[in-house]
Amino acid sequence: MVLTSKSSEVFEYLKNNGGKVSIEELANATGRSARSVGANVLDLTKKGLVVREKEEVEGAEKPVAYAVLTDAGKNFVPSEDAE
């Protein structure tokens, strides 16, 4: 399965940072907007590599959105081969 360069960047950051990262942290780490990163998370979700979860966080006005690697995502190795 091939990932776009931006989806790959988000995926690698997730994989290298515990497999559960807030959308805001992903946006800060990649230097892109939360909306842009959210589109990559949606792409990864459609591929079955990530799920999106919202959690209540103390001190936050609204639930915080997280990208979380699935079991398939934890074992996924990006390749150049189209599926």
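Residues numbered from 1 in each chain as written. Predicted model: local features only at pLDDT ≥ 70, side-chain atom pairs only at ≥ 80, totals over all residues. Heavy atoms only, no water.

*Asks:* Quick question: what am I supposed to make of the pattern of salt bridges here?
*Replies:* Proximity of charged atoms lets side chains of opposite charge pair with each other. All chains considered together, the criterion is met by 4 salt bridges. For the salt bridge of Glu 9 with Arg 32, the shortest nitrogen-to-oxygen distance reads 3.1 Å. You can see Glu 9 sitting in helix H1 (residues 5-16) and its partner Arg 32 sitting in the loop between helix H2 (23-30) and helix H3 (34-46), a full 23 residues away along the chain. A salt bridge links Lys 74 to Asp 71, with the shortest nitrogen-to-oxygen separation between them at 4.0 Å. Taken as a pair, Lys 74 and Asp 71 lie in helix H4 (residues 71-75) at a separation of 3 residues, close to a single helical turn. The exposure class of Lys 74 is partly exposed, given its relative accessible area of 49%. (Salt bridge = Lys/Arg side-chain N within 4 Å of Asp/Glu carboxyl O. Helix = DSSP H or I, 4+ residues; strand = E, 2+ residues; numbered from the N terminus. Buried < 20%, exposed > 50% of the residue type's maximum accessible area, 1.4 Å probe, protein only.)

*Asks:* I tried to follow the packing of H2 against H3 on my own but got confused; where do I start?
*Replies:* Two quantities define a packed helix pair, namely the angle between the helix axes and the distance between the axes. Two elements in contact, H2 and H3, have axes separated by 9 Å at closest approach and are oriented at 110°. Considering the angle they form, H2 stands roughly perpendicular to H3. Judged by residue contacts, Ile 23, Leu 26, Ala 27 and Thr 30 of H2 engage Ala 34, Val 37 and Val 41 from H3. Across the contact of H2 with H3, the residue classes tally to 6 nonpolar, 1 polar and no charged. (Axes fitted to C-alpha atoms, helices over the stretch in contact; angles between N-to-C directions. Parallel < 35°, antiparallel > 145°, perpendicular 65-115°, else oblique. Contact = heavy atoms within 4.5 Å. Nonpolar A, V, L, I, M, F, W, Y, C, P; charged D, E, K, R; others polar.)

*Asks:* Teacher, can you tell me more about the packing of H1 against H2 here?
*Replies:* Interaxial distance between H1 and H2 falls to 11 Å at its minimum, and their mutual angle equals 115°. Considered as vectors, H1 and H2 are oriented roughly perpendicular to each other. Both H1 and H2 take part in a crossing whose hand is right-handed. Every residue of H2 that contacts H1 at Glu 9, Val 10 and Tyr 13 is listed here: Glu 25, Leu 26, Ala 29 and Thr 30. By residue class, the composition of the contact of H1 with H2 is 4 nonpolar, 1 polar and 2 charged. (Left-handed = near helix turned anticlockwise from the far one by under 90°.)

Interpretation in functional terms is not warranted from these geometric data alone.
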